[in-house]
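# A closer look at the structure
Below are the chains, spelled out letter by letter.
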Amino acid sequence: MIKTVIFDLDDTLYDYKDSHRIAMYAICAYCEREFGLTTRETTEGIDKIMKQQFDEMGPIAASHNRIIRFQRFLEERDLPVFPHALTMSNLYWKTLMDTAIREPGIRECLAMLRNSDIRLGVGTNMTALIQYQKLDQLKLGEYFDFIVTSEEIGIDKPDPAFFQCCIEKAKAEPDEILFIGDNYEFDIKGARSAGMHALLYDPKDLRPNEAHRINDYRDLTADDIQAMA
Ligand SMILES: [Mg+2]
């Protein structure tokens, strides 16, 4: 029997990729206005720093930290980090949060699960403050009993330590937990390696051959959840 359902956050509760694209437009416009940089110079420069962050820091929450990313981008060009790294970070996150849209049916799905006496959690790779702000902005925070971020654990999904913490907070046995996420490697394989059940959220039908997948929360029932066990 499934007693706890844990959701990934980005691209599982809301469409991160679309909001990220709009936030990066805002960053490019800022860099053009302040420094005369082209969109290409800004996007390629920030992508390069992002890869360096992941390579140097490894899979930890700080490797996703935007203010460090913007700071390094500015440093590499001998541009003043203050106030620009802070302004760019605030601009990025404000734009992303202002444009973030909940996945269709997710609120009703969470309400349905709570009414079925299912314990609910969030399991996400990122810094805690930003993820709390997203949940608040999306008006979804109230549905969750617990949150696990990779900042809290010290390492990203799919590390076993991340999922071990999820199991402890779930207050259930691994085979009584269902993990729902959009990333096959991080969410699905990671959760299954820890002994949990896993359901791929795949709204764009990118993995049609995955047996346990859903493309619309509006189709998910409490019986479907229990059928996963
Ligand atoms: Mg995700």
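Residues numbered from 1 in each chain as written. Predicted model: local features only at pLDDT ≥ 70, side-chain atom pairs only at ≥ 80, totals over all residues. Heavy atoms only, no water.

The heading Cofactor (unreviewed entry) in the UniProt record of the protein holds the text "Mg(2+)". (UniProt positions renumbered as here; feature names shortened; annotations may be inferred.)

This part takes up the environment of Glu176. Along the chain, Glu176 turns up in the loop between α8 (160-170) and β4 (177-181). Given the relative accessible area of 16%, Glu176 is considered buried. Sequence separation of Glu176 and Arg40 is 136 residues, and the distance between their C-alpha atoms is 48 Å. (Helix = DSSP H or I, 4+ residues; strand = E, 2+ residues; numbered from the N terminus. Buried < 20%, exposed > 50% of the residue type's maximum accessible area, 1.4 Å probe, protein only.)

What follows concerns unusual backbone geometry. Of the consecutive residues Phe82 and Pro83, the connecting peptide bond is found in the cis state with omega at 10°. Along the chain, Pro83 turns up in the loop between α3 (66-76) and α4 (84-99). Put simply, Lys157 and Pro158 share a cis peptide bond, and its omega is 10°. Within the fold, Pro158 resides in the loop between α7 (150-153) and α8. Even without glycine at this site, Asp11 takes up a positive phi of about 65°. With respect to the helices, strands and loops of the structure, Asp11 is situated in the loop between β1 (4-7) and α1 (16-35).

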